[in-house]
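Secondary and tertiary structure notes
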Amino acid sequence: MEPEGTTGGHAANLAQSAAMKLSQMGERTKQLGTAMQDPDRQRRIILVIVCIALLLDNMLYMVIVPIIPDYLTELQHEADSARQAAIHTNSTNSTIHKVPKGNFDLQIGVLFASKAILQLLVNPLSGTFIDRVGYDIPLFIGLNVMFLSTLIFAFAENYATLFLARSMQGLGSAFADTSGIALIADTYTEESERSKALGIALAFISFGSLAAPPFGGVLYEFAGKRVPFLVLACVCLADGVMCLAVLKPFSNRERENMPVGTPIHKLMIDPYIAVVAGALITCNIPLAFLEPTIANWMDETMKASQWEIGMTWFPAFFPHVLGVYITVKLAAKYPHLQWFYGAIGMVCIGASSCTVPACKNFGQLMVPLCGICFGIALVDTALLPTLGFLVDVRYVSVYGSVYAIADISYCVAYALGPIVAGQIVHDLGFVQLNLGMGLANVLYAPALLLLKNVSRLKPSFSERNMLLDDGPTGLYDTIKMEEREKKRKGLCTTIDENGVNTLAQRSYSEEESSGGECA
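These numbers were taken from a predicted model, which means no experiment stands behind them.

**Observations concerning the overall build of the chain**
- Helix and strand counts for the chain come out as 19 helices and four strands.
- Here the chain holds 519 residues, and 49% of them are scored as buried.
- Sequence-distant contacts, at least 24 apart, represent 80% of the contacts inside the chain between residues at least 6 apart.

Below, the structure is given as structure tokens:
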């Protein structure tokens, strides 16, 4: 038995050791908090949060491709068995609420399109909401809705529940995707950095779309229908917790001084923004129209196996990333040629789309599909930063509505694809579908010439350099110091009644330039 003094000494040593460890933990926590305050670190963390959200959305969008047809087939077999049992027991068929036989093509098309359709309807509202409250709260809301949608997918047992889950995903995407891209544009204000950050986000979108079918197919085959969705739900939950901890959406006070963004309907009629939106729709049509039709065509023309159909799009991820990398590098050196990179991308998409029907086997088909994804990378990486630049130079630098327009452009293509593409193939043929899509891209490419002079526009002040006007108009004047600097150079920045920044040349006396205010 140890002496009482020795026991007391051990206790004191243990207490001292525990106190030292607590002190070290506190110091590390303090260092972590200090590191988190570093602007560069914060920007990187924000980029990670947004990229994970975009990855999840696109994985959930495509992960059902190999799962849903087989799952609905099981529902059909259950419906057939129930009908047979009802016939043998002289029951009426009115009590059977299963998917009617022969409607699977239509039902699958509507299910795939429901996400894009609801997202298309909600985006005008979500863009305005983002402009009013900032980017963090809508991103957090979108992640929560996507999490619930993924859980519903995992435990759905009938078509109606699947449709609800798919539609809820569209609702979550309208908030998460738009606010995420807008947050990147707001965080990375320098043009080359913004192009690079948006390029990274596009790479995650591409990886999510192209990796999801094999990911879902393998897990569905070996682990069951629920596992792919539960994995995605866990990742979504972790991203939501990270968003809550880092962005602190419900304690952020910056939005109190956030300027009012330009209404979305005014942005839609801007000729430059309209040209960009049209290009985004046109370049995504081949991808959106081929995804629901190429599997049947491969089965009929080249007798492709299931693994070949499932892996058709995955190799296209690598040229997509290559296209993003090339465009970011070129934009950094020659930023005035963004329109040209987009036009080259559309020509590449058009040529690749026209060669798809000529392919005779799985290996040949990879080449034009890689060409399509490479061209889409050029267009998206060149034009998405252009939208942010257009808002900076022509309007107030609030990005929710302008990137809602970009999201609407994507949704138009992906809402039409599952519903319209099959009917076009039925009425005109697969060859005519691809030739039409290719021709549309080639013919639209010259329209990007209208963006040639965009880089010559002079930047206006962003919302960080503006103060709230207490007058009845609710508009923003520039910070006084920068205002005096403009006047010293003989320039004055004002905002008209439409929220559009205008740059006016004025003459000032020395007395005015030193202390006068902008008219």
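**Focus: the packing of aromatic side chains**
- One pass over the structure, following the stated rule, counts seven aromatic pairs.
- Their ring planes at 15° and their centres at 4.6 Å tell us that Trp297 and Phe430 sit as a pair that is stacked. Of this pair, Trp297 sits in helix H11 (residues 294–301) while Phe430 is found in helix H17 (residues 430–444), placing the two residues 133 residues apart along the sequence.
- For Trp297, a relative accessible area of 9% puts it in the buried group.

**Let's talk about the nonpolar core**
- Judged by nonpolar contacts, the single largest core of 123 residues is most densely connected at Leu139, Met298, Leu384, Leu387, Tyr403 and Leu451.
- Those residues within four positions of Tyr403 in sequence are excluded, and the remaining contacts are Thr178, Ile181, Ala182, Ala185, Leu198, Leu384, Pro385, Leu387 and Gly388.

**Details of the pattern of salt bridges**
- The full count for this structure, using the stated rule, is four salt bridges.
- A salt bridge links Glu193 to Arg43, with the nearest nitrogen and oxygen atoms 3.0 Å apart. On the criterion of sequence distance, the pair formed by Glu193 in helix H7 (residues 191–223) and Arg43 in helix H2 (residues 39–63) is long-range, its members being 150 residues apart.
- Here Glu193 falls in the partly exposed class, since its relative accessible area comes to 33%.

**Thoughts on helix H13 (residues 317–333)**
- Between the first and last C-alpha of H13 there are 25 Å, a value that for 17 residues agrees with the 24 Å anticipated at 1.5 Å per step.
- Of all the residues in H13, the buried ones are Phe317, Pro319, His320, Gly323, Val324, Thr327, Val328 and Ala331.
- Buried residues belonging to H13 abut H7, helix H14 (338–355) and helix H15 (362–394).

**What to know about the environment of Asp136**
- Its place among the elements puts Asp136 in helix H5 (residues 136–155).
- For the pair formed by Asp136 and Cys243, sequence separation is 107 residues and the distance between their alpha carbons is 7.9 Å.

**Digging into the side chain of Gln338**
- Along the chain, Gln338 turns up in helix H14.
- Apart from the residues within four sequence positions on either side, Gln338 is in contact with Ser195, Ala331, Ala382, Pro385 and Thr386.

**Quick notes on the packing of helix H6 (residues 159–187) against H7**
- Running from N to C, H6 and H7 point in directions that differ by 155°, and their axes come no closer than 9 Å. As judged from the angle between their axes, H6 and H7 are roughly antiparallel. In the crossing of H6 with H7, the sense of the turn from one axis to the other is right-handed. When H6 is examined against H7, the residues Ile181, Ile184 and Ala185 are found in contact with a partner set consisting of Arg194, Ala197, Leu198 and Ala201.
- Residues that form the contact of H6 with H7 fall into these classes: six nonpolar, no polar and one charged.

**Observations concerning the environment of Ser179**
- Looking at the element boundaries, Ser179 is found in helix H6.
- By relative accessible area, which is 0% here, Ser179 ends up buried.
- Residues Ser179 and Phe129, 50 residues apart in the sequence, show an inter-C-alpha distance of 9.7 Å.
- Setting aside residues up to four positions removed in sequence, Ser179 forms contacts with Ile130, Tyr135, Pro138 and Leu139.
- Looking at Ser179, its side chain comes within polar contact range of the main-chain oxygen of Ala176, at 3.3 Å.

**A closer look at the confidence of the model for the chain**
- For the chain, per-residue confidence averages 76 on the pLDDT scale, and 71% of positions sit at 70 or higher.
- Predicted confidence is poor over residues 91–102, with pLDDT under 50, and the contacts of this stretch with residues over four places away or in other chains come to 19 contacts.
- Under a pLDDT of 50 for its full length, residues 460–519 has, in the predicted model, 107 contacts with residues more than four places off or in other chains.

**Observations regarding H11**
- Along H11, the residues classified as buried are Ile294, Trp297 and Met298. Viewed along the axis of H11, the buried residues span an arc of 100°, placing them on a single side of the element.
- Directly beyond the C-terminal end of H11, a positive phi value near 50° is found at Lys303.

**Topic: the side chain of Asp392**
- Mapped onto the fold, Asp392 is located in helix H15.
- You can call Asp392 buried: its relative accessible area is 10%.
- A polar contact of 2.5 Å, which involves the side chain of Asp392, links it to the side chain of Tyr399.

Cut-offs applied
Residues numbered from 1 in each chain as written. Predicted model: local features only at pLDDT ≥ 70, side-chain atom pairs only at ≥ 80, totals over all residues. Heavy atoms only, no water. Helix = DSSP H or I, 4+ residues; strand = E, 2+ residues; numbered from the N terminus. Buried < 20%, exposed > 50% of the residue type's maximum accessible area, 1.4 Å probe, protein only. Contact = heavy atoms within 4.5 Å. Phe/Tyr/Trp six-rings, centres within 6.5 Å; stacked < 30°, edge-to-face > 60°. Core = buried A, V, L, I, M, F, W, Y, C linked by side-chain atoms within 4.5 Å. Salt bridge = Lys/Arg side-chain N within 4 Å of Asp/Glu carboxyl O. Expected span 1.5 Å × (residues − 1). Axes fitted to C-alpha atoms, helices over the stretch in contact; angles between N-to-C directions. Parallel < 35°, antiparallel > 145°, perpendicular 65-115°, else oblique. Left-handed = near helix turned anticlockwise from the far one by under 90°. Nonpolar A, V, L, I, M, F, W, Y, C, P; charged D, E, K, R; others polar. Polar contact = N/O pair within 3.5 Å; in protein donor to acceptor, adjacent residues only side chain to side chain. pLDDT = per-residue confidence, 0-100. Arc of directions from axis to C-beta.

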